[in-house]
Amino acid sequence: MKVISLVAPYSLLLEFEMILVFFFGSVFLSCVPVLHSTTDISKNNCPENFTCPALPSFKYPFYNVTETRCGLIKVNCTSKGGEIQLGGVWYEIAGKDEGHNIVIISNKTFADLVSNNSCEAFMNNFTSPSPSPLLYSISIFPIITLFKCTENLTNAQQRDTYFKQHSYKSHYGCKDYEFYYNHLNGTVPSDLPHTCQVVHLPLKVPDPGFDETNIFSLLSSGVQFELTPSCRNCHTDGDQCRIENEHFQCLNAKKETQGRKLIKILGISLSLYSHLNNSKMISIKKQTIYTKPHNKGKQRWIYKWWIYKWLLMSAQMNTAAADFRVCRLR
């Protein structure tokens, strides 16, 4: 009895079917938009910019609260302007430059304390680090330096004399503390009394209501938000800055999208090939044909079947190629 094995010609057929599967996968993913996860950011599926009332337009890395996949810094447009979320805290947007790199934000809590002449306003220090220092910085400009000194009757007169000699104004209306300041001099004396602490607060730009003797009239609730130089340069080059595992990255969104598409094509093709290979090999084991040497008619039928299979897949390849050309012309 002679064994006619299908494994030899079938191995060649599998290679051809693998090519066909890969090609069909390429055509499909070229004509159908690539699916994105909730964390994927693609310029192709996101608006180039968006605007809030009375403010210049925003671009990446800012994104509208309704477009969660399109940026890193959330902005919520309101009827009066907008709000920005930094470190989980919402700040009112008081102004923005046309280049979209600098945003003036307002701390509403601090603004309420200042408007109510509350001494709690002097306890806030705006020199805290940025929640995301690789992406943006928060700075105060202009700035006023206050000296918060513990109330102490023993050396009160000596301390007053010290600050007056250096042309500092004083504020005595707060419990447990006395404050000294000079909005024209932001340096910290090297011989500062040990009972005094340094507090940095936003300074209002001088206007007709500017009263040096009233410390509350000098304060502003606005601080400056600015993208880091690395992120600005990345964005200027048409790329996108991101933070991955606490490391800064500058990525080309278009190239990344194409790379993701290729990975999807390979993944789908390998998956289909694996499934096809496993199912066919099982079929071969079950269908190995045992024939007598003189049964040449059945052998010819088997080879005709293989030829038909090759011709059918060749026709499918030509059809796929035509579809691919049509898709690329769209």
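S.K.: Which residues make up the packing of aromatic side chains, and what values do they have?
M.R.: Under the defined criterion, the tally for this structure stands at 13 aromatic pairs. Relative to Phe58, the ring of Phe50 lies with its centre 5.4 Å away and its plane at 15°, an arrangement referred to as stacked. Residue Phe58 is classed as buried on the basis of its relative accessible area of 0%. An aromatic cluster is built from Phe147, Tyr162, Phe163, Tyr168, Tyr172 and Tyr180, whose rings are joined through pairwise contacts. The ring of Phe58 has Lys96 lying over it, and the distance from NZ or CZ to the ring centre is 4.8 Å. Sitting above the plane of the Tyr177 ring, Lys148 keeps its charged end 5.0 Å from the centroid.

S.K.: Could you give me a rundown of helix H2 (residues 108–115), with the residues and numbers involved?
M.R.: Those residues of H2 that fall on the buried side of the exposure criterion are Phe110, Leu113 and Val114. Taken end-on, H2 shows its buried residues confined to a sector of 100°, consistent with a single buried face. Across from the buried face of H2, at angles greater than 90 degrees, the exposed residues are Lys108 and Ser115. On its buried side, H2 packs onto strand E11 (196–202) and helix H4 (215–218). Put simply, Asn107 is the residue that caps the front of H2, since its side-chain oxygen is 3.1 Å from the backbone nitrogen of Thr109.

S.K.: Give a detailed account of the confidence of the model for the protein chain, specifying residues and quantitative values.
M.R.: This prediction gives the protein chain a mean pLDDT of 74; 61% of its residues lie at or above 70. The spread of mean pLDDT over the elements of the protein chain runs between strand E15 (residues 289–291), the lowest at 43, and strand E3 (residues 73–77), the highest at 95. Low pLDDT, under 50, characterises residues 255–261; the predicted model gives this stretch nine contacts beyond four residues in sequence or across chains. Here residues 284–293 is modelled with pLDDT under 50, and outside its nearest four sequence neighbours on either side it reaches 19 contacts, counting other chains as well.

What counts and how
Counting from 1, residues in each chain are numbered in the order their sequence is written. Whole-chain, interface and lining totals are the exception, using all residues; otherwise, since this is a predicted model, local features are given only for residues with pLDDT of at least 70 and side-chain atom pairs are given and counted only at 80 or more. By convention in this description, side-chain values take in all heavy atoms of the structure and omit both hydrogens and water. Think of it this way: a Phe, Tyr or Trp ring, Trp meaning its six-membered ring, pairs with another when their centres are within 6.5 Å, and the plane angle makes it stacked under 30 degrees, edge-to-face over 60, tilted otherwise. Here the term buried applies to any residue with accessible area under 20% of the maximum for its type, exposed to any over 50%, and partly exposed to those in between, with areas from a 1.4 Å probe on protein chains only. We count a charge as sitting over a ring when the NZ of a lysine or the CZ of an arginine lies within 6 Å of the ring centre and within 35 degrees of the ring normal. To qualify as a helix, a DSSP run of H or I must reach at least 4 residues; to qualify as a strand, a run of E must reach at least 2; elements of each kind are numbered from the N terminus. An arc is given here, and it is the one of the directions from the helix axis to the C-beta atoms. The contact criterion used throughout is that any non-hydrogen atoms of two residues lie within 4.5 Å. A 3.5 Å cut-off defines polar contacts: any pair of N or O atoms within that distance qualifies, except that in protein one atom must be a possible hydrogen donor and the other a possible acceptor, and neighbouring residues in sequence count only when both atoms are side-chain atoms. Scored from 0 to 100, pLDDT records how confident the predictor is in each individual residue.

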